[in-house]
Amino acid sequence: MTTRHQIYVVAILVLASGLAACGGPKTAELAMSMSEFSFSPASATVPAGAEVTLTVTNSGTIEHNWVLLDAGYQASAPFDATDQAYVVTETKVPAGEVQTFTFTAPSKAGSYQIVCSVPGHLEAGMKATLTVGG
Ligand SMILES: [Cu+2]
């Protein structure tokens, strides 16, 4: 009984040190600003599956939404319930404010569209691209 218990303890320690050697989950920082009617920068790259700390600044004079859509999906104007179903993560930022939040980047590498879902803004060209690396 004691021997078996000791084997479990050793196995857990080996597993724990293996995870530590991998450095844990990947992290990335991303900063974007929004204004009428664009994102800056218009493209960015993060590692797949990374814990991304995103800082979004609304440097405009009206509210904007930072909306990340599913892989390969391109929103069609006007942004509606069909497009909403493909939202991976989003945040609403009032004029002049800065928001920081964390989200997990998709685990699948590819090109992801970022749009502003405020009516009329996608039509005005408010979109960007997030590339998720492998
Ligand atoms: Cu907008």
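Residues numbered from 1 in each chain as written. Predicted model: local features only at pLDDT ≥ 70, side-chain atom pairs only at ≥ 80, totals over all residues.

Is there a simple way to explain the nonpolar core in this structure?
Within the largest apolar cluster, 24 residues are counted, with the highest numbers of intra-cluster contacts made by Val67, Ile114 and Val115. Elements that contribute at least two residues to this core include exactly strand E4 (51-58), strand E5 (64-69), strand E8 (110-115) and strand E9 (127-133). For this core, the element with the highest residue contribution is E5, accounting for four residues. Dropping the residues within four chain positions of it, Ile114 is found in contact with Phe39, Trp66, Val67, Leu68, Lys127, Ala128, Thr129 and Leu130. (Core = buried A, V, L, I, M, F, W, Y, C linked by C-beta atoms within 7 Å. Buried ≥ 20, exposed ≤ 12 C-beta atoms within 10 Å, placed from the backbone. Helix = DSSP H or I, 4+ residues; strand = E, 2+ residues; numbered from the N terminus. Contact = placed C-beta atoms within 7 Å.)

When you look at the sheet that holds strand E3 (residues 43-47) in this model, what are you seeing that I'm missing?
Where strands meet in a sheet, backbone hydrogen bonds hold them as pairs that are either parallel or antiparallel. Across the sheet, which stays open at both edges, the five strands sit in the order E3-E9-E8-E5-E6 with mixed pairing between neighbours. Edge positions in the open sheet fall to E3 and strand E6 (87-93), since each of these has one partner strand only. For this sheet, the mean angle separating the axes of adjacent strands, direction not counted, is 20 degrees. Across six bridges, E5 lies against E6 in antiparallel orientation. Bridging across to E6, Asn65 finds its partner in Lys92. (Pairing = 2+ DSSP bridges. Axes fitted to C-alpha atoms, helices over the stretch in contact; angles between N-to-C directions.)

What should I look at first to understand the sheet that holds strand E7 (residues 98-104) in this one?
Overall, mixed pairing links the four strands, which are arranged E2-E1-E4-E7 in an open sheet. On the outer flanks of this sheet lie strand E2 (38-40) and E7, each paired with one strand and no other. Between one strand and the next, the sheet's axes are offset by a mean angle of 25 degrees, whatever the strand orientation. Pairing of E4 with E7, which is carried by seven bridges, proceeds in the antiparallel orientation. Residue pairing in the sheet places Thr53 in a bridge with Thr102 of E7.

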